[in-house]
Amino acid sequence: VSLAKALKSVSGFSQHKNELRSYISVGTSDRREARSWRIVAEIAQKAEYIWMDGQEGLKGIRFNEMRTKTKCIQKPLPIGSLDFPEWSFDGSSTGQQEIGNNSDCILKPVFTCPDPIRGGNSVLVLCEVLTPEGNPHRTNKRRLLADTLTEDIIAQDTWFGFEQEYTMFGRDGHPYGWPRAGYPAPQGPFYCGVGLESAYGRQFVEAHFDACVKAGLKISGINAEVMPGQWEFQIGPAGPLEMGDQVMIARYLLHRLGEDFGVICTFDPKPVPGDWNGAGAHTNFSTAAMRADGGMDAILRAIDRLALKHPEHVALYGPGNDRRLTKTHETASLRTFKSGVADRGASVRIPLPVAVANKGFLEDRRPAANVDPYVVARLLIQTTLLP
Ligand code: ADP
Ligand code: MN
Ligand code: MN
Ligand code: MN
Ligand code: MN
């Protein structure tokens with residue numbers, strides 16, 4: 001009876017009321033005990049709090065990574081709600097605070113979606129990191145992006161399509177599916193490849209694709225990449241914060257599923273030196289004006305502005321990007337800006353269908369796979385749309 005009283009205070013309990021009544025009237029005390037635990041388990045909610053750490057480049061083959069911990073919530077909240085409580089963590093263990101007596105950082109929920117791995121009412125809770133004083137932490141670039149989204153910018157209805165490339169490694173740090181000794185065949189058959197000899201690790205890739213769909217992300221496709229064991233998924237088109245949030249969740253899902261599949265995913269811009277493609281995060285960008293008839297004028301104006309700010313952009317487009325932007329392997333130079341129609345050796349490309357339609361979007365090919373998506377979105381907006 002005291003359990004029933006306790007449960008009454010738990011929201012979501014009402015749906016179990018009848019069940020509870022029936023067992024109280026027939027059960028022995030032992031069976032009641034067992035049953036009561038089952039009911040609690042059904043209504044409690046597992047919330048996975050996810051944030052970006054401060055240890056860029058310090059973790060071997062993994063870069064710029066997510067951290068995560070689970071909160072069990074006795075009064076479940078609707079998935080999608082932002083009423084999940086703030087939480088805290090030890091910033092001295094994630095490269096986000098000095099070790100000392102004030103090392104807590106605050107987790108502020110900003111986006112939630114279904115947890116496709118746990119299922120049920122389980123939820124993924126993406127968080128911004130705040131300092132103990134409640135200010136945005138220096139690693140929190142999401143807040144900087146949010147601050148640029150003035151009414152005027154919002155009215156221009158910016159869309160982003162983020163092509164996230166990543167490279168799979170085995171537990172041993174060896175590229176996934178590569179022969180134990182020596183190398184696979186030279187690059188050529190792998191991009192968009194199919195067949196055991198061309199597509200390495202598709203089971204894992206499909207599981208990740210499924211998870212993104214079940215989480216409700218705007219994932220727009222996947223493909224095998226030029227280097228064997230390297231793949232891509234795309235998030236978008238989506239608004240700037242929406243794009244960033246969904247990319248972060250999709251990255252979390254890569255790492256989390258990798259635990260089950262024995263796969264390590266890295267966003268290192270050049271995971272294997274030599275004649276192997278690096279990994280980028282081409283960012284497709286448009287405004288309402290670019291998408292309207294004759295939008296090519298707005299696209300060309302934006303590209304002119306991007307040309308003037310090239311050094312500022314590449315400096316923030318991901319650590320180690322200098323190993324990737326070498327004018328080889330479908331990249332432009334780190335030093336000089338170049339644009340062109342259908343040119344995959346350009347810094348910024350106008351896709352062929354866009355040139356034909358004379359409207360659409362541009363593709364910034366410079367960001368590395370380990371770029372902070374909120375930073376790319378902010379720079380594209382600041383450079384092309386601010387007066
Ligand atoms: P690529 O040919 O460079 O490999 P992808 O098909 O991988 O291109 O990615 C293109 C991305 O651009 C997709 O995520 C798509 O949703 C997105 N996209 C399409 N139209 C727009 C638009 N108008 N503005 C921004 N992004 C867009
Ligand atoms: Mn502890
Ligand atoms: Mn692509
Ligand atoms: Mn690609
Ligand atoms: Mn591309």
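What counts and how
Residues numbered from 1 in each chain as written. Chains lettered and ligands numbered in written order. Predicted model: local features only at pLDDT ≥ 70, side-chain atom pairs only at ≥ 80, totals over all residues. Helix = DSSP H or I, 4+ residues; strand = E, 2+ residues; numbered from the N terminus. Contact = placed C-beta atoms within 7 Å. pLDDT = per-residue confidence, 0-100. Axes fitted to C-alpha atoms, helices over the stretch in contact; angles between N-to-C directions. Parallel < 35°, antiparallel > 145°, perpendicular 65-115°, else oblique. Left-handed = near helix turned anticlockwise from the far one by under 90°. Nonpolar A, V, L, I, M, F, W, Y, C, P; charged D, E, K, R; others polar.

### Here's the deal with the environment of Asn-284
Inference 1: Along the chain, the position of Asn-284 falls in strand 10 (residues 283-286).
Inference 2: Placed 29 residues apart in sequence, Asn-284 and His-313 show a C-alpha to C-alpha distance of 15 Å.
Inference 3: What Asn-284 contacts, discounting residues up to four positions off in sequence, is Phe-160, Gly-161, Gly-236, Phe-361 and Glu-363.

### Examining the confidence of the model for the chain
Inference 1: Scored by pLDDT, the chain comes out at a mean of 89, with 86% of its residues at no less than 70.
Inference 2: The complex prediction reports pTM at 0.89, with the ipTM value standing at 0.98.

### With respect to the packing of helix 4 (residues 141-148) against helix 7 (residues 240-261)
Inference 1: Contact geometry for helix 4 and helix 7: axes closest at 10 Å, N-to-C directions at 165°. As summarised for this structure, helix 4 and helix 7 are arranged roughly antiparallel, according to the angle between their axes. In terms of crossing hand, the pair formed by helix 4 and helix 7 is left-handed. Residues Arg-142, Leu-145 and Ala-146 of helix 4 lie in contact with helix 7, whose contacting residues are Pro-240, Leu-241 and Gly-244.
Inference 2: Split by residue class, the contact of helix 4 with helix 7 holds 4 nonpolar, 1 polar and 1 charged.

### Re unusual backbone geometry
Excluding glycine, most residues fall at negative phi; most peptide bonds, likewise, are trans.
Inference 1: Cis geometry marks the peptide bond from Gly-236 to Pro-237; its omega dihedral reads -5°.
Inference 2: In this structure, Pro-237 sits in strand 8 (residues 230-238).
Inference 3: Even without glycine at this site, Glu-330 takes up a positive phi of about 60°.
Inference 4: By the element assignment, Glu-330 lies in the loop between helix 10 (310-315) and strand 11 (339-341).

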